[in-house]
Structure formats: structure tokens, C-alpha cells
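Residue-level structural notes
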Amino acid sequence: MAQPMLPVRSSAPLASLDDVQMVLEQVPGQDAAMTFLRGAAERPHHAYVFAGPEGSGKSLAARAFAASLLCANGGCGDCRDCRLALRDQHPNEFVVEPEGRDIHVDTVRDEVWHPAYLTAPEPGRKVFLIREADRLSPAAADTLLKVLEEPPADAVFLLLSARAHELPETIWSRCHIVTFTALSEPFVVEQLEAEGVPPTRARLAARLAGGNLGRARRMAVDDDGLEFRDVAARALEIGAAGPAGALQAADAVIAAAADHKKGLGRELDAELAPFLDEKGRPEEAYRGSIRRIETRFHRRERRAERDHLDRVLMAASSLLRDAVAAGTGVSAPALLNPDREAVEEVSPLKAVAGLAAMEEARAALADDVNLNPRLVVERAFLQLSLEERG
């Protein structure tokens, strides 16, 4: 039988940590939260709520905290445990995300309740990371509460939420609350520039990302990081030509989202690679981990089209906002897209209506997973195409 490609976990400490930057020191802009977590990592409580707005660094901090809990050296950032934890791939890490709009009770039962009371796949703690925890259904929240009331000694639960106040009080009361604050645009720009991003690109990405550092980094670094904005600009151009153009614009946006989803297959291959033997077959010891990665990927794949649609509609909103601003004499540096000319095909009056339509569509797609995305997008561009009224 072929030997596993992954090295066996070692509990031996590194020879020296003098030259190692610990993972909990690498989360920017949240000094108070990270100071608290550095202390908590030494003697962790059984449950934490990471509360703060989207893009404030909760996910990055949760990965770093998980790595510090799973690493024999407290989160050295260099070992196999850290590398896997920082990619949400550690066998002892269980990641739960909404499937559709909610996190269902069956998901919590299968991915939290049962594994919480079983022996960990590898020696050490188990870490359960629940993203968008405010989307727990009432039954799912009740099931999670039962685990939090009698937590296994080797388990730590991390609940992430931008709307943590919507969590049941019974869950709040059993968790330590770690608060994350919104990141300012200048801070995001500074971070990107420190990572080698050119200043103009850094400012543009920070502005479009609305303070979301992770999203800004992807926009700034990836070759196609701003492709969604090109789709939005083209859709606005053809959508301004009346109802027929609006339907063509919606077709273009839907097609771009479908293409984005097709490109995700390569990501699954990369995520599974560390758990396969040299012949590309799953290692028996990691079959559970592989199933979790595949399940999580398929959920992400189902959300991929809507996530991409949201980015395109967000970009369309920013371009329409710039059209309104330019029509009132606002200078280019104050625009959300200072590197592009304002949309000339749309008058300020129609831009205001279109801006409202794009944001209404974004809200609708986020709120109801059963809506037909094509109909929602078509409606937004049809509203943009309406003739001005005197």
C-alpha cells in the first residue's frame, strides 16, 4: 500500500520560534481582538462568537485561531497543521456554512453534533467553525445549544456572524464574544500597498470592496480580479438601449456568472490533493475529511453564480452612482471608479432609478434563494431601460 503523502503529525516543538511570525500576529487591523485571542489560545474556552461586519477579518482571524489550537507550537504558521488549518482543510477542523439561505438542523447534527462526541481524526483538539451563524434555523440552533451545554473537553466552537445580535441569547450566553470593527478604506489601501499592490490599483480595489480586505486583495492581485466590473459596464451600455437591450444585458450577466461557476472545478482538485496517495486515490484515514471538503465545495459551487451576480450588480451600482455624481460636478478622484469614465449612455435621472433597481436586485437575491436569478436580473435592467419621465 502506498504511503500517505501527508507527514504524520508531530507534537515536537520547533527548534526555535525566534524567526517565526505566529499566525495570530498576522491578522491586520484588529489589535484588540487578536490580543484577546492570543491569550485565549493558551487556555481556550469551549465556544466563541466572532462578531463584526463583513470584511473585517473574522474569517482570517478564525483560521488563525484554529491553527493556533491545532498546531503543537501554538500556531507557528509553518508546520503541516498550520498550513492545512489556514486553508480550512485540517482533518480535525469542521466547517459549517449555510446551504441556501439557512443552516439546517441536519447539517448541524451531521457536521457538529456527531463528530463533536467522536474521537478526533488525528490526535489533538477538534475545532468547529460555523460561518454566518445567524442563519442557523431554530431547530439547528437548538441542536447546537445542546452541544454547547455539554461540550466535549477536546472541542472548541467558533461562530462567525455579521449579525451576531440575531443569535439566540441562549447561545450568546455560552460563548465568549470577540468583537471585530470595520476596516477603513485608508487602512485597506495601506495593507495592499504594503503587499506590493500599486497605489492606484490599491485605492480602486479598496473603494470597490467597501472595506472588505479579503475582497479588495482578490480584486487587486488576481489577473481577472476586476473582470466582474467589465461585465457590469458592458451590461449597462447595452441595457440602456431599451427593453430589448435590457434583456441582452441580463443574458450577458447570467452567462458571466455561469462561466465563473465552471472555473471552480480546479479549486476542488487543489483542495483534495493533500489527502490523496501518489496514485491519486483517497487515503483511508482521510475519507471523512475528503467528504467534508467535497460537501463544502458543492455548497460553495451552488452559491458561486449568485455570489458572482452580486459582484456584477454591485459594480453596476458603483458605476451608476458615479454617473449621478459626475452629473452633479463631482471630480474624478471622489468617484468609486476613478479610473473609468462615467457611464454616458445613462442620464443622471435614469442612473438614480437604475441604482435603486440594482440594489433591490442584490437584496432580493440575498434574501430568497428560491428566486429565479435571471428574472431578478432582467427586472433590474428593464427598470434601468425605462424612458425618463418628465
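What you see is a predicted model; the values in this text were computed from it and never measured. (Residues numbered from 1 in each chain as written. Predicted model: local features only at pLDDT ≥ 70, side-chain atom pairs only at ≥ 80, totals over all residues. Heavy atoms only, no water.)

A negative phi angle characterises most non-glycine residues, just as the trans form characterises most peptide bonds. Although it is not a glycine, D88 sits at a positive phi angle of roughly 60°. Mapped onto the elements, D88 comes out in the loop between α3 (80-85) and β2 (93-96). Phi is positive for E132, which is not a glycine, with a value near 50°. Using a relative accessible area of 26% as the deciding quantity, one classes E132 as partly exposed. (Helix = DSSP H or I, 4+ residues; strand = E, 2+ residues; numbered from the N terminus. Buried < 20%, exposed > 50% of the residue type's maximum accessible area, 1.4 Å probe, protein only.)

The subject of this paragraph is the pairing of strand β1 (residues 47-51). Burial analysis of β1 places five of its five residues in the buried class, which makes it a mostly covered element. Residues A47, V49 and A51 of β1 are buried on one face, and the alternating residues Y48 and F50, pointing to the opposite face, are buried as well. The pairing of β1 with strand β4 (residues 155-161) spans five bridges and is parallel. If you follow Y48 over to β4, its bridge partner there is L158. Sheet analysis places β1 next to strand β5 (residues 176-179), joined by four bridges and oriented parallel. Bridge pairing in β5 places V49 opposite I177. (Pairing = 2+ DSSP bridges.)

In total, this model carries 20 salt bridges according to the counting rule given. E195 is paired through a salt bridge with R217; the nearest N and O atoms lie 2.8 Å apart. Of this pair, E195 sits in the loop between α7 (185-194) and α8 (199-209) while R217 sits in helix α9 (residues 213-221), and the two are 22 residues apart along the sequence. Of the charged contacts, one joins R340 and D230 as a salt bridge, the two residues approaching to 3.1 Å between their closest N and O atoms. With R340 in the loop between α13 (287-327) and α14 (348-367) and D230 in helix α10 (residues 227-239), this residue pair connects regions lying 110 residues apart in the sequence. The partly exposed category is assigned to D230, whose relative accessible area is 42%. Counted as one network, the salt bridges with shared partners bring together R63, D88, E97 and R131. (Salt bridge = Lys/Arg side-chain N within 4 Å of Asp/Glu carboxyl O.)

Axis separation between α13 and helix α15 (residues 373-385) bottoms out at 12 Å; the angle between their running directions is 10°. Taken together, the axes of α13 and α15 are roughly parallel relative to one another. The segment α13 lies against α15, with R306, L309, L313 and L320 engaging P373, V377, F381 and L384. (Axes fitted to C-alpha atoms, helices over the stretch in contact; angles between N-to-C directions. Parallel < 35°, antiparallel > 145°, perpendicular 65-115°, else oblique. Contact = heavy atoms within 4.5 Å.)

For the rest of this paragraph, the subject is the sheet that holds β1. Here we have five strands laid out as an open sheet, ordered β2-β3-β4-β1-β5, and parallel in their pairing. Two strands in the sheet have a free side with no partner beyond their single neighbour: β2 and β5. Each neighbouring strand pair of the sheet contributes to a mean axis angle of 20°, computed without reference to strand direction. Sitting on the sheet, helix α1 (residues 31-40) is in contact with β1 and β5, with an inclination near 145° to β5.

Under the defined criterion, the tally for this structure stands at zero disulfides. Here C71 is not cross-linked by a disulfide; its sulfur's nearest cysteine counterpart is in C79, at 3.6 Å. Of all cysteine sulfurs, the one in C79 lies closest to C76, which takes part in no disulfide; the gap is 3.7 Å. (Disulfide = S-S within 2.5 Å.)

A full pass over the atoms with the stated rule returns seven aromatic pairs. Aromatic side chains F50 and F65 sit 6.4 Å apart centroid to centroid with 40° between the ring planes, which places their arrangement in the tilted category. Placement of F50 in strand β1 and of F65 in helix α2 (residues 58-70) is noted, with a sequence separation of 15 residues between them. For F50, a relative accessible area of 0% corresponds to the buried category. Their ring planes at 65° and their centres at 6.0 Å tell us that W113 and Y117 sit as a pair that is edge-to-face. Given a relative accessible area of 31%, W113 falls into the partly exposed group. Through pairs of rings, three or more aromatic residues link up here, namely F36, Y48, F50, F65 and F180. (Phe/Tyr/Trp six-rings, centres within 6.5 Å; stacked < 30°, edge-to-face > 60°.)

For helix α5 (residues 138-149), spanning twelve residues, the distance from its first C-alpha to its last is 16 Å, which sits close to the expected 16 Å at 1.5 Å a residue. Every buried residue of α5 is listed here: A140, A141, T143, L144, L145, V147 and L148. Along its buried surface, α5 packs onto β1, α4 (105-116), β3 (126-130), β4 and α6 (169-172). (Expected span 1.5 Å × (residues − 1).)

Once that is clear, we can look at the confidence of the model for the chain. Detailed reading of predicted coordinates is not advised where the pLDDT is low. Taken over all residues, the pLDDT of the chain has a mean of 84, while the share at 70 or more is 91%. Taken together, the stretch residues 1-20 has pLDDT below 50 and engages in 35 contacts with residues farther than four places along the chain or on a different chain. (pLDDT = per-residue confidence, 0-100.)

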